[in-house]
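Fold and contact review
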Amino acid sequence: MIIDALTRRELVAAGIAALLPDTIARGAEAKFPTRNIQFIIPYAAGGGFDAYVRFVSPVMEQYLPARASIVPANIAAASGSRGISQLYRAKPDGYTIGIFDLPGMFIEQAVQGNNAYDLSKFAWIGCIGEGEHYLLAVGANSPIKTYADLQALSAKRPVKFSSTGIEGTATAATIIATEVLGIRRQLITGYRGSSDYIVAAIRGDSDAVISATSTMMKFARAGQLRIIASFALRSSIPGIPDATTLGKPELDQITVERPVAAAPGTPQAIQNILSTALAKALRDRKVVTWAAENDVIMAPKTPQETEALVARERVFFERWKKYLLKV
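Residues numbered from 1 in each chain as written. Predicted model: local features only at pLDDT ≥ 70, side-chain atom pairs only at ≥ 80, totals over all residues. Heavy atoms only, no water.

1. As for the overall build of the chain
Counting its secondary structure elements, the chain contains 11 helices and 11 strands. For the chain, the residues scored as buried account for 53% of the 327 residues in total. Accessible surface, the chain as shown: approximately 14700 Å² in total, 55% of it carbon and sulfur. (Helix = DSSP H or I, 4+ residues; strand = E, 2+ residues; numbered from the N terminus. Buried < 20%, exposed > 50% of the residue type's maximum accessible area, 1.4 Å probe, protein only. Areas by Shrake-Rupley, 256 points an atom, 1.4 Å probe, with all protein chains shown as cover.)

2. So, the confidence of the model for the chain
Summary statistics for the chain give a mean pLDDT of 88 and a share of 89% for residues scoring 70 or more. Across residues 16-25, where pLDDT falls below 50, the model places 0 contacts with residues more than four positions away in sequence or in other chains. (pLDDT = per-residue confidence, 0-100. Contact = heavy atoms within 4.5 Å.)

3. What to know about the packing of helix α9 (residues 268-283) against helix α10 (residues 285-293)
The contact between α9 and α10 brings their axes to 5 Å, and the two run at 60°. By the angle between their axes, α9 is oblique relative to α10. Two secondary-structure elements touch here, α9 through Ala281, Leu282 and Arg283 and α10 through Arg285, Val287 and Val288. When the residues that make up the contact of α9 with α10 are grouped by side-chain class, the tally is 4 nonpolar, no polar and 2 charged. (Axes fitted to C-alpha atoms, helices over the stretch in contact; angles between N-to-C directions. Parallel < 35°, antiparallel > 145°, perpendicular 65-115°, else oblique. Nonpolar A, V, L, I, M, F, W, Y, C, P; charged D, E, K, R; others polar.)

4. Section: the pattern of salt bridges
Taken as a whole, this structure holds 9 salt bridges when the rule is applied. Note that Arg35 and Asp93 form a salt bridge whose closest N and O atoms lie 3.1 Å from each other. Of the two residues, Arg35 sits in the loop between α1 (2-31) and β1 (37-41) while Asp93 sits in the loop between α3 (81-88) and β3 (96-99), which places them 58 residues apart along the sequence. Using a relative accessible area of 44% as the deciding quantity, one classes Arg35 as partly exposed. Taking the relative accessible area as the measure of exposure, Asp93 reaches 14% and is therefore buried. (Salt bridge = Lys/Arg side-chain N within 4 Å of Asp/Glu carboxyl O.)

5. Things to note about the side chain of Asp207
With respect to the secondary-structure elements, Asp207 resides in the loop between α7 (194-203) and β8 (209-212). Side-chain polar atoms of Asp207 contact the side chain of Arg157, separated by 2.8 Å. Those residues in contact with Asp207 that sit more than four places away from it in its chain are Val138, Ser142, Ile144, Leu153, Arg157, Pro158, Val159 and Lys160. (Polar contact = N/O pair within 3.5 Å; in protein donor to acceptor, adjacent residues only side chain to side chain.)

This is the structure we're talking about:
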């Protein structure tokens, strides 16, 4: 009987011990956050991804359940993969999050065989902005005045396009768009972010550049770029050809998505706290006004909706993989 009693006590103690990790975890989640949160931007300062995070972060802070700062961190190397790899290996406690460049980051995953990161394992939080269409532009002083001029140049030699490395979505957009349009291309890569490779086109280091609408319009309004085509079905810019007038409606499917995630294994409760704060920030009047001024549509997404979006981007990548991986 003594043995039986001891066994029962031991079993009870073992049961309590087994529950302790869950109890501690729930306690940590209830207090989250208790310190600053790092927000990884996988590109250099000054580009579209950087602008999005730096504007939204301080608004998102206001909707966290406890006082904490969200600190942007530019980790610009390896065409964005270093920052995402760092997030992939971060402690899954919600204190490190990051913004992604899709579908481009599927390229690095395919090249490295999941050694860098596995996009299916991240704890998705939401998206900053709806998917953006792309614009084709040249420097304001370029001898190329119209899309027809670009076609004429392509008939003579490959057109030089500046971009990030092969892993960037803008590079993927350039490859896919030129394949669709039948434009011969020569990629000039290695730039640290969108501002860098757009400025390269402005300087004349490349013939043309393809990038997301919000980033390109900033330079176009400053008189530094000339937009010569839009990949949207209906262009919002008067006087330039769009996917419809070019006879290539499939160009409309080329978008850049900016999902946000925490490290794999982040508890669902913390994931939901971050998702709620981001969604409220995107509905905030300050963010809505900024978005309208910068040609961006802000529409909050749940973790589940974001996960579904990432899955769709994977399908898009698989469709064009044979072109994207042979560069």
